[in-house]
Amino acid sequence: MSSITADGQATHAHTSGEFGVGEFISTYVFSRDHKVIGLQFLFSTLLWFLIGGLLAIGIRWQLAWPWSDMPVIGPMLFSAEGGQISPEFYTMLFTMHATVMTFLVIIPILAGAFGNYLIPLMIGADDMAFPTLNMLSYWVMWPAFLFFGGSFFVAGNGASSGWTSYPPLSSVTEAAPGSGLAQTMWLIALTCVGISSMMGSVNYMTTIIQMRAPGMTMMRLPMTIWGMFITALLQAFALPVLTAAGFMQLADRVFGTGFFVPEGLIVNNSEMVAGGGQPLLWQHLFWFYSHPAVYIMILPAMGMVSDILSCFARKPLFGYKPMVYAICGIAGLGFIVWGHHMFVSGMNPGLGMTFMVATMMIALPSAVKTFNWLGTIYGGKISFTTPMLFALSFVLMFVIGGLSGIFMAATPVDIFIHDTYFIVAHFHYVLFGGTAMAVFGAIYFWFPKMFGRMMNEPLGKIHFLLTFLFMNGTFFTMHILGAVGFPRRLADPYHYETFRHLLPMNQFMTICAILMVACQIFFIVNFFYSIFFGPKAGRNPWHANGLEWQAPSPPGHGNFDFQPIVYRGPYEYGSPEVDEDYYPQTQPPNERGDTDEPATMVNH
Amino acid sequence: MGRFWSLLFLSVPILGVITFVWSAMGLYPLERHWFPELVVADSNIDHLFYVILAMTGIVFIGTGLAMFWFLWKYDDKKYDGPVWYSHGSHMLEIIWSVIPAVLILFLAIYQMDAWAGARMRRPMLENGQPKPAMARVIGRQFEWKIQYPGNDKKFDTPDDLYTTNDLHVPRDEEVVLEITSEDVLHSFFLPNFREKQDVVPGMKQFIWFKPVKDGKYDIVCAELCGWGHYKMKGQITVESASDYRAWLEKAYNEQELSEYSLAEAE
Ligand code: HEM
Ligand SMILES: [Cu+2]
Ligand SMILES: [Cu+2]
């Protein structure tokens, strides 16, 4: 049992001696408390972030110094090849890098870590609607961790048909070394991630609809919650399709069905028995999920950035309602544009036109969001804290990623740049420059709430500066490679005359990438040091308006030590109605009163 | 510090634009860091790329400058004017939704013709029939098998010519290719021709282009097709119609000869 004291620290009523193993397990391991689950997600995904980053260094190493021994780990891993990265291993590297980053980092860190931690706190609930389901949603990630992780060690060293896993390469065991057991494990792991997301999604939707504090109307929700809510909806509608497709591919592999295997296939000199299927069917099903999934990977980040920008510009969010509609618009359109991944796949060219127009339209709500963010900082009082710097860089990087999307949405241009580094530049600007930067910002922002202590600002700023510089150094140049037509997923692109002269540029990018990974040490040190030794944070160190800042830091079991009642939206910074430049959502109107009117609940 | 951060953010549009201009102009050390030489008649794709580059470039510079200016001006250490207490402005929002909408609509319509030319308007013969394929390209792990129909203009007859990784096409003629795959997905990519098409087993697809410059160019496989993906490399040779016919003949004779000697060895 814990109780909460007035200074905002949760204290445990018992002494450490009484705290048995069973209780330890139920409090920190199989916990049903959304905050503990959120932190579990956070720590796990950060660990996988590191693994994914190291895999990326492997890829970059090969592209900069092809077929040369990787220092230190090369001789350990591939003594057979004399320390070189083999083409088989390279294929595995980029497959698993992308897989880990999408399915074990970005998706679970946004929804799993921040969604879990923030949703109940920000809407004034004491927990999620279904705490046990919530706990399970974390624990079914473990089979996913184990299967993805284990696939590195079985024959073939990890799945190696790309994170998109296009059949027949992925479904015919003879087609690739990693298409054996590793690919089966990959599919099972993917299913587990799907189940976890689905559990989370149901929980988030129910919680947000049912458990808001009195006065918290939908139009008073922080944008973070809107982002999470629409993401949960996307998951709920799109995931079943991926799961079904995953089972179909599993059946093709294990039971010899032929959903995705066409007639008369001859692979590795042996003719396939099954047939009559369609490889393109997989692409349709896969992108029907994975296009919306790219929004699953950005909408919550957009929400968190909106909250951070408004807080550190000390200004209301510009155009709250249009921002909400823009999120809904992006999500809605997100369902009808999957075909833009298939312009050159062999799909009917007439369909290409339809998907092109729909894709172009997505740029509209994206533009509205960008301009509204700019409107938010216009005329404010901007304090350049670490979370703010990350949030600002999100906006700028998202602009680059969004604009490069227009090139690809133009079907004829996509003929040339599809599957080149232009695509890689695009989605890294959105996913690293955008989402990952937002995630860093969010960690720096909500850290005081999560751990009751502040992170170190100078270290945070160094971390930001280096990450920002090296990130642009790594990814901006990829646009240029794309313009030459430099293809992705090649172990040795210099094999082709057309690309041979691009080696020095790749070396430049690799050096930037290595430094980008290396400078995360500033983050890691800061993060762990601050958990234990950072200066104590009060309830509301940033003078923010959201409900979560009225709870103790860190909040105890049940979150609030009072019943939160909501009187206004979360973005009342600089309101003329109060003397301070912020006006918390729970503060009754005119509290320090020019009138004697009792505080009433306004509900409009 | 606010000044420093504003300038840091300003450096993104500035350096970004410089990088692009530098590469496109081919200045040291970024020579040839832009489109590979174009060797087909149709320059629609390059043109469209530049149109979009101009449009997005302006937006990019505009937002970059606006952001820089706001950060510079409203730094809380320097600025002590009042905060603009505003929840938004419908007028502004309408303006910045309608302008992008018009631009995007323009683009969507503007590009349709290029797409139709590349994928929907297959070259015709004089009699109104679609032009038959000059050759068939078959992707397989990890090579490009090329098949010419021979004198009877029909595929899969005894006079077909087969080559590996070696495709020849005549200059100044509309070339139609049929492409297909024997095993997994590949992607037939000709950077100098701005041409790319996924190669799907079980499907027959057609692409066309009109080469205008002699030379030998890379055929790249752009779709992951297994561990040997990177070495799936072919060559396309553009030459005058007479050279092309001479090559066809020579290659055919060589094939006959090798089959003959093969039969004898058996
Ligand atoms: C909102 C956040 C966005 C995210 C997270 C995102 C992410 C991605 C990712 C991961 C891919 C590559 C998938 C792959 O093949 O491996 C991709 C491709 C693509 N994106 Fe985006 N994107 C976003 C915004 C946009 C926008 C605004 C547009 C258009 C205006 C756009 C247009 C495209 C197109 C056309 C492709 C496919 C290109 C190709 O494969 O040839 N994206 N995106
Ligand atoms: Cu997409
Ligand atoms: Cu291939």
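Residues numbered from 1 in each chain as written. Chains lettered and ligands numbered in written order. Predicted model: local features only at pLDDT ≥ 70, side-chain atom pairs only at ≥ 80, totals over all residues. Heavy atoms only, no water.

Q: Would you take a moment to explain the coordination of the copper ion (ligand 2) for this structure?
A: For a metal with four donors in a tetrahedral arrangement, the ideal angle between donors is 109.5 degrees, while six donors in an octahedron ideally sit at 90 or 180 degrees. All names here are of chain A. Those donors, His291 (ND1), His340 (NE2) and His341 (NE2), are the protein atoms that reach the copper ion (ligand 2), and they lie 1.7 to 2.1 Å from it. Of note, the copper ion (ligand 2) draws all its donor residues from one chain, in the sequence arrangement H-x48-H-H. A gap of 4.7 Å separates the copper ion (ligand 2) and the iron atom of ligand 1. (Donors = N, O, S within 2.8 Å, 3.2 Å for Na, K, Ca; no water.)

Q: Please explain the site of ligand 1 as it appears in this structure.
A: All names here are of chain A. Taken together, 21 residues surround ligand 1, and among them Met408, Asp414, His418, His426 and Arg488 come closest. In this structure, Arg488 approaches ligand 1 through a side-chain N or O atom, which is 2.9 Å from an oxygen atom. For the shell around ligand 1, the secondary-structure elements that each account for two or more residues are helix H9 (279–296), helix H13 (386–409) and helix H15 (421–451). Of the residues assigned to the shell around ligand 1, the class counts are 13 nonpolar, six polar and two charged. (Near = heavy atom within 4 Å. Polar contact = N/O pair within 3.5 Å; in protein donor to acceptor, adjacent residues only side chain to side chain. Helix = DSSP H or I, 4+ residues; strand = E, 2+ residues; numbered from the N terminus. Nonpolar A, V, L, I, M, F, W, Y, C, P; charged D, E, K, R; others polar.)

Q: Would you mind going over the coordination of the copper ion (ligand 3) with me for this structure?
A: Residue and element names in this part refer to chain B. Around the copper ion (ligand 3), the protein contributes the donor atoms His186 (ND1), Cys221 (SG), Cys225 (SG) and Met232 (SD), which lie 2.1 to 2.5 Å from the metal centre. Between consecutive donors of the copper ion (ligand 3), the numbers of intervening residues give the motif H-x34-C-x3-C-x6-M. We note that Cys225, like Met232, is buried. (Buried < 20%, exposed > 50% of the residue type's maximum accessible area, 1.4 Å probe, protein only.)

Q: Help me understand the environment of B:Asp214 in this model?
A: Residues and elements named next belong to chain B. Mapped onto the elements, Asp214 comes out in the loop between strand S8 (205–209) and strand S9 (215–221). Note: C-alpha distance between Asp214 and Gly226 (twelve residues apart in sequence) is 32 Å. What Asp214 contacts, discounting residues up to four positions off in sequence, is Arg171, Val238, Glu239 and Ser240. (Contact = heavy atoms within 4.5 Å.)

Q: Please clarify how the interface of chain A and chain B should be interpreted in this entry.
A: For interface size, the figure often reported is the accessible area lost on association. The interface of chain A with chain B comprises 112 residues on the first partner and 95 residues on the second. Here chain A packs against chain B, burying approximately 9,000 Å² in sum over the two surfaces, 75% of which is carbon and sulfur. Contact with chain B buries area across many residues of chain A, yet A:Ile415, A:Phe416 and A:Tyr496 alone supply 8% of it, more than any other trio. At the boundary of chain A with chain B, the tally comes to zero salt bridges. Every element with two or more residues in the side of chain A that touches chain B is listed here: helix H4 (87–123), strand S3 (266–267), H9, helix H11 (320–334), helix H12 (349–377), H13, helix H14 (411–417) and helix H16 (457–484) of chain A. With 16 residues, the single largest contributor to the side of chain A that touches chain B is H12(A). Of the residues contributing to the side of chain A that touches chain B, the split by class is 71 nonpolar, 29 polar and twelve charged. (Buried area = accessible area lost by both parts, 1.4 Å probe. Salt bridge = Lys/Arg side-chain N within 4 Å of Asp/Glu carboxyl O.)

Q: Whenever I open this one, the nonpolar core confuses me. Can you help?
A: Most often, soluble globular proteins keep nonpolar side chains buried together rather than apart. Counting residues in each nonpolar core, the largest one holds 278 residues, and the members touching the most others are A:Phe114, A:Ile377, A:Phe394, A:Trp446, A:Phe527, B:Leu167 and B:Phe188. For A:Phe114, the contacting residues outside a window of four places in its chain are A:Ile109, A:Ile119, A:Met228, A:Met304, A:Val439, A:Ala442, A:Ile443, A:Trp446 and A:Met450. (Core = buried A, V, L, I, M, F, W, Y, C linked by side-chain atoms within 4.5 Å.)

Q: Please clarify how the sheet that holds strand S3 (residues 161–164) of chain B should be interpreted in this entry.
A: Paired through backbone hydrogen bonds, the strands of a sheet run either parallel or antiparallel to each other. All names here are of chain B. Spatially, the five strands line up as an open sheet ordered S3-S2-S1-S5-S8, and their pairing is mixed. The sheet is open, and its two borders are formed by S3 and S8, each paired with just one other strand. Strand-to-strand twist in this sheet, taken as the mean axis angle between neighbours without regard to direction, amounts to 25°. The pairing of strand S2 (residues 143–148) with S3 spans four bridges and is antiparallel. Counted as the bridge partner of Gln147 is Tyr162 from S3. (Pairing = 2+ DSSP bridges. Axes fitted to C-alpha atoms, helices over the stretch in contact; angles between N-to-C directions.)

Q: Explain a nonpolar patch on the surface here, please?
A: Residues and elements named next belong to chain A. Taken together, the side chains of Phe43, Leu50, Leu54, Ile521, Ile524, Val525, Phe528, Tyr529, Phe532 and Phe533 present a nonpolar region at the surface, about 990 Å² in accessible area. When contributions to the nonpolar patch are tallied by element, the ones reaching two or more residues are helix H2 (34–64) and helix H18 (520–533). As for its position among the elements, Tyr529 is in helix H18. (Patch = residues over 30% accessible without salt bridge, like charges linked within 9 Å, V, L, I, M, F, W, Y side chains within 5 Å. Areas by Shrake-Rupley, 256 points an atom, 1.4 Å probe, with all protein chains shown as cover.)

Q: Even after reading the chapter, I still don't get the packing of aromatic side chains, so can you show me in this structure?
A: What characterises a pair of aromatic rings is the spacing of the ring centres plus the angle enclosed by the ring planes. In this structure the tally under the stated criterion is 87 aromatic pairs over all chains. Plain terms: the ring middles of A:Phe451 and A:Phe527 are 5.9 Å apart, the flat faces sit at 85° to each other, and that makes the pair edge-to-face. Of this pair, A:Phe451 sits in helix H15 while A:Phe527 sits in helix H18, and the two are 76 residues apart along the sequence. Residue A:Phe451 is classed as buried on the basis of its relative accessible area, which comes to 16%. Here the aromatic rings of B:Phe193 and B:Tyr217 are separated by 5.8 Å at their centres, their planes lie at 80°, and the arrangement is edge-to-face. (Phe/Tyr/Trp six-rings, centres within 6.5 Å; stacked < 30°, edge-to-face > 60°.)

Q: Help me out: how do you make sense of H2(A) in this one?
A: An α-helical segment advances 3.6 residues per turn. Residues three or four places apart therefore align on the same side. The end-to-end C-alpha distance of H2(A), which contains 31 residues, comes to 44 Å, matching closely the 45 Å that a straight helix rising 1.5 Å per residue would cover. Across the 31 residues that make up H2(A), a large majority, 26, are buried. (Expected span 1.5 Å × (residues − 1).)

Nothing here speaks to function; it is all geometry.
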